[in-house]
Amino acid sequence: MKTIVEDSSILMHITMKLSDGSAADSTKVNNKPAKVNMGDQSLSPAFEQQLLGLNQGDSKEFTLEAKDAFGDVNPENIHYLDRQKFNSDTPAEVGSIVTFTQPGGEIPGIIREVNDLSVTVDFNHPLAGQAITFAVDVVDIL
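Residues numbered from 1 in each chain as written. Predicted model: local features only at pLDDT ≥ 70, side-chain atom pairs only at ≥ 80, totals over all residues. Heavy atoms only, no water.

Asker: Got a minute to help me understand unusual backbone geometry in this structure?
Answerer: Positioned with a positive phi, Asn31 is a non-glycine residue whose angle comes to about 50°. Mapped onto the secondary structure, Asn31 falls in the loop between β2 (23-26) and β3 (34-37). With phi around 70°, Gln41 is a residue other than glycine that occupies positive phi space. Mapped onto the elements of the fold, Gln41 is located in the loop between β3 and α1 (45-51). Using a relative accessible area of 74% as the deciding quantity, one classes Gln41 as exposed. (Helix = DSSP H or I, 4+ residues; strand = E, 2+ residues; numbered from the N terminus. Buried < 20%, exposed > 50% of the residue type's maximum accessible area, 1.4 Å probe, protein only.)

Printed below as a string of C-alpha cells:
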C-alpha cells in the first residue's frame with residue numbers, strides 16, 4: 001500500500017469549511033480531485049504535515065489556524081482607490097470581486113467599503129484571517 005511521504009504526488013478531494021461549519025469550497029462539487037505535489041510549496045508546511053503517513057483511500061479532517069491556512073490578513077494588501085476609477089463597466093459594489101491588471105498579471109480584490117471619495121479594496125485571499133477545517137480524501141498516490 002502506498003503511503004504519503006515528503007515528495008509524494010497525490011490525487012485527493014479537499015473540502016474546506018469555515019468555523020461556522022459552512023463549506024467554503026470543495027473539489028467534490030465537480031468530482032474533480034486536486035493533484036498536489038508535496039514539497040512544492042503549493043501547500044503550507046502545516047497542511048503537508050497533516051498528510052504525511054496517510055494511505056490511498058484514507059480520509060482525514062483537521063483544522064488549521066489562519067497563519068497555516070491562507071495567512072493572516074495583511075493590512076498592506078488593503079488599498080483605498082479613487083471612487084472615480086469605477087464606472088458602469090466596473091461598478092463599486094460592496095462584496096464584488098474586481099480584477100486589476102498589474103505588471104505581473106491580474107490580481108483580484110474584494111470591494112469592502114464604498115464612500116463618496118474612495119473605494120476600499122482588499123487584495124488578501126478571501127479566506128485570509130480565518131481558521132479553516134479541511135477534510136481530505138486520498139484518491140491516489142502517484
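Asker: When you look at the pairing of strand β6 (residues 97-102) in this model, what are you seeing that I'm missing?
Answerer: Walk down a regular strand and you will see the side chains alternate between the two sheet faces. Across six bridges, the pairing between β6 and strand β7 (residues 105-114) is antiparallel. Each bridged residue has a counterpart across the sheet, and for Thr99 the counterpart in β7 is Pro108. Connecting β6 to the antiparallel partner β7 that follows it, the hairpin turn spans two residues. (Pairing = 2+ DSSP bridges.)

Asker: I tried to follow the sheet that holds β6 on my own but got confused; where do I start?
Answerer: Pairing between the strands of a sheet is mediated by backbone hydrogen bonds and can be parallel or antiparallel. Strand order in this open sheet of four strands is β5-β8-β7-β6, and the pairing throughout is antiparallel. Strands with a single pairing partner mark the edges of an open sheet, and in this sheet they are β5 (78-82) and β6. Going across the sheet, the axis of each strand differs from the next one's by a mean of 45°, ignoring polarity. (Axes fitted to C-alpha atoms, helices over the stretch in contact; angles between N-to-C directions.)

Asker: Could you clarify how one ought to interpret the side chain of His13 in this entry?
Answerer: When you line up the elements, His13 lands in strand β1 (residues 9-17). Given the relative accessible area of 9%, His13 is considered buried. A polar atom in the side chain of His13 sits 2.8 Å from the side chain of Thr27. Setting aside residues no more than four positions away along its own chain, His13 makes contact with Thr27, Lys28, Asn31, Lys32, Pro33, Ala135, Val136, Asp137 and Val139. (Polar contact = N/O pair within 3.5 Å; in protein donor to acceptor, adjacent residues only side chain to side chain. Contact = heavy atoms within 4.5 Å.)

Asker: Which parts of the structure should I look at to understand the UniProt feature "domain: PPIase FKBP-type" (unreviewed entry) in the protein chain?
Answerer: Sequence positions flagged by UniProt for "domain: PPIase FKBP-type" (unreviewed entry) are, in local numbering, residues 7-72. Strand forms 35% of residues 7-72 and helix 11%; the C-alpha atoms that close the span are 27 Å apart. (UniProt positions renumbered as here; feature names shortened; annotations may be inferred.)

Asker: Can you walk me through the pattern of salt bridges in this structure?
Answerer: Two side chains bearing opposite charge may form a pair once their charged atoms approach each other closely. Inspection of every chain in the model, using the stated rule, returns four salt bridges. Here Lys28 ties to Asp137 by a salt bridge, and the two come within 2.6 Å at their closest N and O atoms. Of this pair, Lys28 sits in the loop between β2 and β3 while Asp137 sits in strand β9 (residues 132-141); the two residues are 109 residues apart in sequence, bridging distant segments of the chain. Looking at Lys28, the relative accessible area reads 45%, which means it is partly exposed. One salt bridge in this structure joins Asp68 and Lys67, with 3.2 Å as the shortest N-O distance. (Salt bridge = Lys/Arg side-chain N within 4 Å of Asp/Glu carboxyl O.)

Asker: Hey, could you run me through the nonpolar core in this one?
Answerer: Grouped burial of nonpolar side chains is what soluble globular proteins tend to show. Ile4, Ile10, Met12, Phe47, Leu51, Phe134 and Val136 are the most contacted members of the largest nonpolar core, which totals 20 residues. Breaking this core down by element, the ones donating at least two residues are β1, α1, β4 (59-64) and β9. Ranked by residues supplied to this core, first place goes to β9 with five residues. Residue contacts for Phe47: discarding those within four places in its chain leaves Met12, Phe62, Leu64, Phe134 and Val136. Among the nonpolar cores identified, the runner-up in size contains nine residues, and Leu81, Val98, Ile111 and Val121 belong to it. (Core = buried A, V, L, I, M, F, W, Y, C linked by side-chain atoms within 4.5 Å.)

Asker: I would appreciate a short explanation of the environment of Asp68 in the present structure.
Answerer: Mapped onto the secondary structure, Asp68 falls in the loop between β4 and β5. In the structure, Asp68 is positioned 41 residues away from Thr27 in sequence and 20 Å away in space, judged by C-alpha atoms. In contact with Asp68, other than residues within four places in its own chain, are Ser44 and Ala46.

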